[in-house]
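Understanding the architecture of this molecule
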Amino acid sequence: MVTTHVRRAFKYRFYPSDAQAAELSRTFGCVRKVYNMALQARTEAWTLRQERVNYNATSAMLTVWKKTEELAYLSEVSSVPLQQTLRHLQGAFTNFWQKRAKYPTFKSRKRSRKSAEYTSSAFRFRNGQLTLAKMAEPLAIVWSRSLPDDTRPSTVTVSQDAAGRWFVSMLCDDRPTMPEAPNKAVGIDAGITSLVTLSTGEKITNPRHERKDRERLAKAQRELSRKAKSSSNQAKARIKAAKIHARIADRRRDFLHKLTTRLVRENQTLVIEDLAVRNMLKSRKLSRAISDASWTEMRSMLEYKAGWYERELVVVDRWFPSSKLCSTCGTIRAKMPLNVREWTCSCGTTHDRDVNAARNILAAGLAVTACGDGVRPQRSTPGGQSSVKQEVVPPQRTRAAAQSRG
């Protein structure tokens, strides 16, 4: 039995009273206002005076803003979410300076996520009831699963999605357990018709959640386009379309969670391919299907779950010719169009395209783990570019990534 200490977010839906909804809506607005003002101040300081403004400086600015008549309403909500949004802005600038993200952008009232983060000083959690600062009554939470025993949330994030649903996410210390994996390793090839194909030969069909609701979504979007701008009818139509989007996203996420948990439970080492999803989305014919498959979200789930349960995740470079390489004799086929699903090698072996790719991905991953860190086997392609360039994602790294996501 594998046990790892991690920080894990537990998300629940809740139904606020009218007073609680009004208080949270005010808090969301103040959080957005403070974030935008601090971003503008930092941008102007750098553009005009070449000065870097850090979190401490913006925190002092917030104190001054609260004392002005124009922004006195910022004192009416809890100060903790306002301080937390300044910390988030500091993190966004840190990611920008280290070239991990683009320059921070302003939050929009309509398009940006509505959320507020509370630390332990701004909420009370007793007897299974959560009460936020500035509120007299606890939140009516639907406890779909229990929190870890003898634990208390360190932070609480309240959010509202585009469909008008309210959620609360609690970050807790947890020790997720999972028995030892029955299988040593598996290669995973991502696709569209089959969402994943395993090196064992098993194919898992893509549910195509977006396609099932495509007609309903198109009808809702047509109705939205006909409404007068900024009217109440437009707001109602927007929520109707958002609910369909939420339904698609919920079903997709639920399927991916079940799939990735099963893969991590059954295999000690998982080998996947590093796909250039952003470049693939430029294809007009395949972009919709690729977005619906959600390969990036699936990889993210595999990464943090592998960290939780002490599994090893190996990522094979995108230039590795997994589909064109014969898994029996090692011959590389010159061309492999997408419409070719089965092919016969010169050695006489007939391959299923996806199964062959999964087996090659597994072999490449096992090769790099056998060589050890820092040793990367190379195989030249006809074009002269390195075809194999694997990276091993150790459990420690994936665990840290999961903790950072909360």
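Residues numbered from 1 in each chain as written. Predicted model: local features only at pLDDT ≥ 70, side-chain atom pairs only at ≥ 80, totals over all residues. Heavy atoms only, no water.

As annotated in an unreviewed UniProt entry, the protein chain carries the name Putative transposase and comes from Kitasatospora gansuensis.

**Some words on the sheet that holds strand β6 (residues 141-142)**
Judged by pairing direction, the sheet is antiparallel, and its five strands sit side by side in the order β3-β7-β8-β2-β6 without closing on themselves. With partners counted over all chains shown, the strands left at the sheet margins are β3 (114-119) and β6, one partner each. Across six bridges, the pairing between strand β7 (residues 155-160) and strand β8 (residues 166-174) is antiparallel. Each residue of the ladder has a partner; that of V156, found in β8, is M170. (Pairing = 2+ DSSP bridges. Helix = DSSP H or I, 4+ residues; strand = E, 2+ residues; numbered from the N terminus.)

**Topic: the packing of helix α2 (residues 55-67) against helix α3 (residues 79-97)**
Packing of α2 against α3 brings their axes to within 10 Å, and their N-to-C directions diverge by 145°. Seen along the crossing, α2 lies across α3 with a hand that is right-handed. From α2, Y55, T58, S59, L62 and K66 reach across to α3, where they touch S79, L82, Q83, L86, R87 and Q90. Taken together, the residues of the contact of α2 with α3 sort by class into four nonpolar, five polar and two charged. (Axes fitted to C-alpha atoms, helices over the stretch in contact; angles between N-to-C directions. Left-handed = near helix turned anticlockwise from the far one by under 90°. Contact = heavy atoms within 4.5 Å. Nonpolar A, V, L, I, M, F, W, Y, C, P; charged D, E, K, R; others polar.)

**Considerations on α2**
With 13 residues, α2 extends 19 Å between its outermost C-alpha atoms, agreeing within 8% with the 18 Å of an ideal straight helix rising 1.5 Å per residue. Restricting attention to buried positions, one finds in α2 the residues Y55, T58, S59, L62 and W65. In a view along the axis of α2, the buried residues occupy a sector of 115°, so they form one face of it. Exposed side of α2, more than 90 degrees from the buried face: N56, V64 and K67 are the residues found there. Contact partners of the buried residues in α2: α1 (18-49) and α3. For α2, the side-chain oxygen to backbone nitrogen distance between the N-cap and N56 is 3.3 Å, and the N-cap itself is N54. (Expected span 1.5 Å × (residues − 1). Buried < 20%, exposed > 50% of the residue type's maximum accessible area, 1.4 Å probe, protein only. Arc of directions from axis to C-beta. Polar contact = N/O pair within 3.5 Å; in protein donor to acceptor, adjacent residues only side chain to side chain.)

**Concerning the pattern of salt bridges**
Counted by the stated rule, this structure contains 22 salt bridges. In this structure, D213 and R247 form a salt bridge, with 2.9 Å as the shortest nitrogen-oxygen distance. In this pair, D213 is assigned in the loop between α4 (209-212) and α5 (214-226) and R247 in helix α6 (residues 232-266), connecting sequence segments 34 residues apart. With a relative accessible area of 40%, R247 lands in the partly exposed category. In this structure, the salt-bridge partner of D354 is R341, at a minimum N-O distance of 3.0 Å. Here D354, found in helix α10 (residues 353-371), pairs with R341, found in the loop between β14 (312-316) and β15 (342-344); they are 13 residues apart in sequence, far enough to count as distant. (Salt bridge = Lys/Arg side-chain N within 4 Å of Asp/Glu carboxyl O.)

**Topic: the pairing of strand β13 (residues 267-273)**
Of all seven residues in β13, six are buried; the element is thus mostly enclosed. Bridge count between strand β10 (residues 183-190) and β13: four bridges; the pairing is parallel. Bridge pairing in β13 places N183 opposite N267. Relative to β14, β13 is paired through five bridges, and the arrangement is parallel. From the neighbouring strand, T269 faces β14, where its bridge partner is E312.

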